[in-house]
Structure formats: C-alpha cells, structure tokens
Amino acid sequence: MTSLWRASRPQITSDDPPERCDDVVVGAGITGLVTALLLARAGRQVVVLEARDVGAVTTGHSTAKVSVLQGTRWSRLLRDQSEEVVGAHVEGNREGRDWLLRYCEERDVPYQVRPAVTYAPDRGQGLERAREELDAASRLGLPVHWARDLPVPFEHAGGVVLDDQAQLDPMDLLTALVEDLRAHGGRVVTGARVTGVGSPLRPVVRHTRGRTRCAHIVLATGTPVLDRGGYFAKVSASRSYAIAHEHPDPPQLMLISADGPTRSVRDAPGSLLLVGGEGHPVGRTRSEAEHLERLRAWTAVHFPDAVETHAWSAQDYRSHDGLPFVGRMPRGLGHVHVATGYDKWGMTGGVAAALDISADILGGSMSWSRPVHRRITRPRAAARIVGMNARVGLDLLSGAAGVAVRPLRPTRPPEGEGEVGRDGIVPVARATIEGRTCAVSALCTHLGGVVEWNDAERTWDCPLHGSRFAATGEVLEGPASRPLAQRRIPGEPQG
Ligand SMILES: Cc1cc2nc3c(=O)[nH]c(=O)nc-3n(C[C@H](O)[C@H](O)[C@H](O)COP(=O)(O)OP(=O)(O)OC[C@H]3O[C@@H](n4cnc5c(N)ncnc54)[C@H](O)[C@@H]3O)c2cc1C
Ligand code: FES
C-alpha cells in the first residue's frame, strides 16, 4: 500500500532539531513545506518537525491534480455560503495553483498541463450535479465549458471542463521544497513527533527529539494535533483509494465523477493510468479491502489492458461547512497557527493556506482570505456539526458496548486479520501480521474511541476522529500523538 510516488524513492535525510528558532512548522506535507519556505525566504529561521518522513501521509499519497475545478465543490459550497465567501476561496485556490506552477517552472519540477473535467456518469442525478457545477463555476468567474463527448472508454453524459490545469508527482514537489528550504537556511527534522506546545507567552514545542523554543508555531499536520479550538470535532476524516497501472493509452484528462461512487482518473508519465475514489469515513466501513476491489473491478471493465503496478489509500479532512480552517488558533495569543479541511483539494488549498499563514506571520494578509476567515456558521453547517458529533457519540457508545460484551476468541487471528474484544475487563486489539501476533489497547489515545481493523492497510483506525495506528500500536496519522499501549497476548506473559 505504497503510492506510485513513494515506492522507489529514497527517504529524505533529517537535520538535527535546533533548541531555538523563529518559527516551528509541524508537518512536512505540502502545507508545511510551502509555509516554511515562504517564511525562510523572508529571512526567518525555520524548522519543520515531521513525525514520520517527508510526504509520508496525505501529500505523498495524493493523486496530485492541481486544479481550480474541484469536482462539484463550488456548487455544494454555494448552497451554504454567500457568493462573496466562495468566490474568495476560489481566488485563494487560483492563487495557490498559480504559485505552485510558477514554482515548478522555477525549480524544474515536472508537471503536465491537462484539462480538468467533472463528468456526469449518467443522465440522472449525475448530469444534474455536473450542470449545477457548470453554473456555479461560471458564476464564480471560472472559464469553464461543457463537453458532451469526452474521449474516455466509459459511459457518461458529458462534463464540465476547465482547460489548462495541471498534475504532478507530489514527491518531486516536496523534494524540491526541502532542498530550497535548506538552501535558505531552514531545517527539516524527521522522526520528530510533536507531543505538546507550552505557554503561548513563551512558545516552546515539545517533540520526541527534544524541545524547540520559537516565536510562531504552524500546525500543518493534516488535522490539528492540539485539541484547543476543538477542530477535531469540526472536521471529518475521509479515506479513499488509488491504483496505478501500466496502460497503452491512458486518457490525457484529469477526470472526476460528479456523483457517487466517486471515480477519479488521470495519467502519469511513462504511460501510466491512475484510478481513484471509493471514499468513506475513516474506520467506518465493513471492509477497506472491498473498496480497492471495487476500483479494480471498474478498471477491469473500462480499461481491460490496464496492468496494476501500485495500490494505496490516504485520508483528508472536510470541515462542517466544506471550507478549510486556516489561521490563528484560539488561546494561542496569535503565535499558534493551523491549517486543515481541504476536502481532498489540498494541492491548491494547502498552498493558499501557506500563503495566508506566512503573510500573517510576516505582518501582512491576503485579500481573499478575509471573507473566508469572517464567514459565519449557517444553520445547515451548525446542524452538520451536531450530526457529526452525534454520530461520534454513537460510535463511542457502540464501540464501548461491543468491546464490553465480546471476549477475545481463544485462538489468535489468522494472518492479516485483527479482532477487538476484552481480555478480562481490558479492551484489547489483536492482529497477526507476518506470522507475529501483536496485542495493543483497543482504546484510541486521542479520546478513547474503540479502534477498528483496516483489512487493506493492516492498521487500527479510529472511527471517531480518524487517528490511525500500526498493528503494533505506533501512531500513523490523525489527532492522536501517543501510541496504543502494548497488551499481553491472552494466555501468554507480557513482553
Ligand atoms: C486519495 C487522495 C487523493 C487526493 N488527490 C488530490 C488531488 O488530486 N488534488 C488535490 O488538490 N488534493 C488532493 N488530495 C488532497 C491533498 O492531497 C491533501 O489535502 C494535502 O496533501 C494535505 O496536505 P497537508 O500538508 O495538509 O497534510 P499531509 O501531507 O498529511 O502532511 C501532514 C504531515 O504532518 C505530519 N504530522 C502529523 N502529526 C504530527 C505531529 N504530532 N508531529 C509532527 N508531524 C506530524 C504527518 O506525518 C504528515 O507528514 C487528495 C487526498 C487524498 C486522500
Ligand atoms: S481519533 Fe479521537 S478518539 Fe480516536
């Protein structure tokens, strides 16, 4: 389950963490690295602290379309927000895209120009949604047009097209950003998980490789790893899947369906075809592996010559109102900044967030960010927060009840499988990987959700706010920052 982009790429080496600097940026994905570079270019001493390695989480597993046409996002946002707010967000994405492509030109990062297409998979609701998107995008000033017949081997009822968008290999981009950041005196420290932030009066970042004092802290961690502001309760985590194939003639378009089940298609250099989609809330599905199988089945029907080379999955966060949260965190005295909630469009949204946060730290502002910062939560979005958290509450109760009544089976799980149950009264998550059975606490270290087995990635995933853990308990992603505690394997001594 490694992405095409990361499969044969050596890991970027780590610098040593400083004791003091101007700005600490947490997270080496697109948001963190662009923010860090912008600050370093302005003469500030910057360190990026990364828990895993560069691009290890969402950016390195993205399908990396750099587009201001974003599925049916603009029509959906216009249902809840004013045209001024959505227009400002479009403008931020446009500036994010333009900055990124200029940067790729300057630094020789390869990219391919492609039309972006939101296609109608059928004449019913799919067509209605695609048409609505055409109207919304036109109202917002995007030069979109309608194409009845697209050069693709699957049925469709036309699509909205925005020409001259782009696609790239996100690891090429991150590698260039790291080199550039280092050339500007910045550091990138990998294997440094941030576990806490001290008083905003004397900001200090505590991490697994020490402590670093600074003036500003930017949390570019996908979902914020500090609970202040309660962002974890205002975003939901959605996981989706991607498969790369060799194919003699992949379409030279970046496509996404206007209606479910989502299908996302693009090509890549070397005659490669990427097919993605099948999003679902993290930890809330019967079987993750089945989602991959559905993508495989769809590809086999429509691209019978495709030969699979890589398959992977990743997650991104959507806020209750569909707009990202970017800016100063509450109770941070203006020193702690956050960026989350790109709704799977962070290649432009992450750059827009970086422009916005770096401008704020440097004493300026981006004109398009103001209406988005000042937006009000409309009743429908407020109802969505209530609904999301009611669901989280139910998951918490049903997870706790399930584990309370279900003792672990007397035999170990078969290879590749995991089970949750109680050992005495202790909730235990137990899995067998490569012949070894590991037992860990079944309670997520964020806020105690009961984890679920992910049979595609062989991980423990929390359905409450999307934290994920290796079978051996290490944190992989999400708001949790502590591993699942080791437990004894029932019937055997601990160790
Ligand atoms: C399957 C999929 C396909 C997508 N395709 C597209 C697309 O085609 N176009 C598009 O625009 N967007 C796409 N997106 C969305 C886009 O990839 C993301 O929005 C974007 O990559 C998020 O970047 P980020 O820097 O915010 O987060 P990440 O890339 O996840 O980076 C966050 C980093 O923070 C680190 N971190 C977390 N916690 C800590 C901690 N406590 N201490 C230190 N470090 C920490 C993580 O290890 C990680 O490396 C896609 C998303 C998915 C899931
Ligand atoms: S992610 Fe919040 S409880 Fe697990």
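Above this text is the structure in question.
Worth saying up front: this structure is predicted, and the values here are computed from it rather than measured. (Residues numbered from 1 in each chain as written. Chains lettered and ligands numbered in written order. Predicted model: local features only at pLDDT ≥ 70, side-chain atom pairs only at ≥ 80, totals over all residues. Heavy atoms only, no water.)

*Asks:* Explain the sheet that holds strand β9 (residues 204-207) residue by residue, including any values.
*Replies:* Pairing between the strands of a sheet comes from backbone hydrogen bonds, and it takes one of two forms, parallel or antiparallel. What the three strands build is an open sheet, ordered β8-β9-β10; its pairing is antiparallel. In this open sheet, the two strands that pair with only one neighbour each are β8 (194-197) and β10 (210-213). Averaged over all pairs of adjacent strands, the angle between their axes in this sheet comes to 20°, without regard to strand direction. Inspection of the sheet shows β8 paired to β9 by three bridges, in the antiparallel sense. Its bridge partner being in β9, G196 is matched across the sheet by R206. (Pairing = 2+ DSSP bridges. Helix = DSSP H or I, 4+ residues; strand = E, 2+ residues; numbered from the N terminus. Axes fitted to C-alpha atoms, helices over the stretch in contact; angles between N-to-C directions.)

*Asks:* Quick rundown of the site of ligand 1? Include the residues and the values.
*Replies:* The full set close to ligand 1 counts 32 residues, and E50, T59, T63, V194 and D316 are the nearest of them. Contact distances for ligand 1 include 2.8 Å between an oxygen atom and a backbone N or O atom of M347. If ligand 1 stood free it would expose 1,000 Å²; the protein chains cover 97% of that surface. Sorting the residues of the shell around ligand 1 by element identifies α1 (30-41), β2 (46-50), β16 (307-319) and α7 (346-361) as the ones contributing at least two each. Take the shell around ligand 1: its biggest share by element is three residues, from β16. Of the residues belonging to the shell around ligand 1, the class tally is 15 nonpolar, twelve polar and five charged. (Near = heavy atom within 4 Å. Polar contact = N/O pair within 3.5 Å; in protein donor to acceptor, adjacent residues only side chain to side chain. Areas by Shrake-Rupley, 256 points an atom, 1.4 Å probe, with all protein chains shown as cover. Nonpolar A, V, L, I, M, F, W, Y, C, P; charged D, E, K, R; others polar.)

*Asks:* So, the packing of aromatic side chains: which residues are in play, and what are the values?
*Replies:* Going through the model one piece at a time under the given rule, you end up with seven aromatic pairs. Seen in terms of ring centroids, W99 and Y103 are 5.1 Å apart; in terms of plane orientation they differ by 5°. Their pairing is stacked. With W99 and Y103 both in helix α3 (residues 83-107) and four residues apart, this pair spans about one turn of that helix. Note on accessibility: W99 and Y103 belong to one class, buried. Over the aromatic face of W146 sits the side chain of R131, whose NZ or CZ is 4.0 Å from the ring centroid. Sitting over the face of the ring of Y231, K234 holds its NZ or CZ atom 5.1 Å from the ring centroid. (Phe/Tyr/Trp six-rings, centres within 6.5 Å; stacked < 30°, edge-to-face > 60°. Buried < 20%, exposed > 50% of the residue type's maximum accessible area, 1.4 Å probe, protein only. Lys NZ or Arg CZ within 6 Å of the ring centre and 35° of its normal.)

*Asks:* Before we move on, could you go through α3 and cite the residues and values that matter?
*Replies:* Between the first and last C-alpha of α3 there are 36 Å, a value that for 25 residues agrees with the 36 Å anticipated at 1.5 Å per step. Positive phi shows up at D108, right after α3, with a value of about 55°. (Expected span 1.5 Å × (residues − 1).)

*Asks:* Please provide a residue-by-residue account of the packing of helix α2 (residues 73-80) against helix α4 (residues 125-139), values included.
*Replies:* For the pair α2 and α4, the least separation of the axes is 7 Å and the interaxial angle reads 75°. Comparing their axes, α4 and α2 come out roughly perpendicular. Of α4, the residues touching α2 (which contributes R73, W74, S75, L78 and R79) are E132, E133, A136, A137 and R139. Taken together, the residues of the contact of α2 with α4 break down into four nonpolar, one polar and five charged. (Parallel < 35°, antiparallel > 145°, perpendicular 65-115°, else oblique. Contact = heavy atoms within 4.5 Å.)

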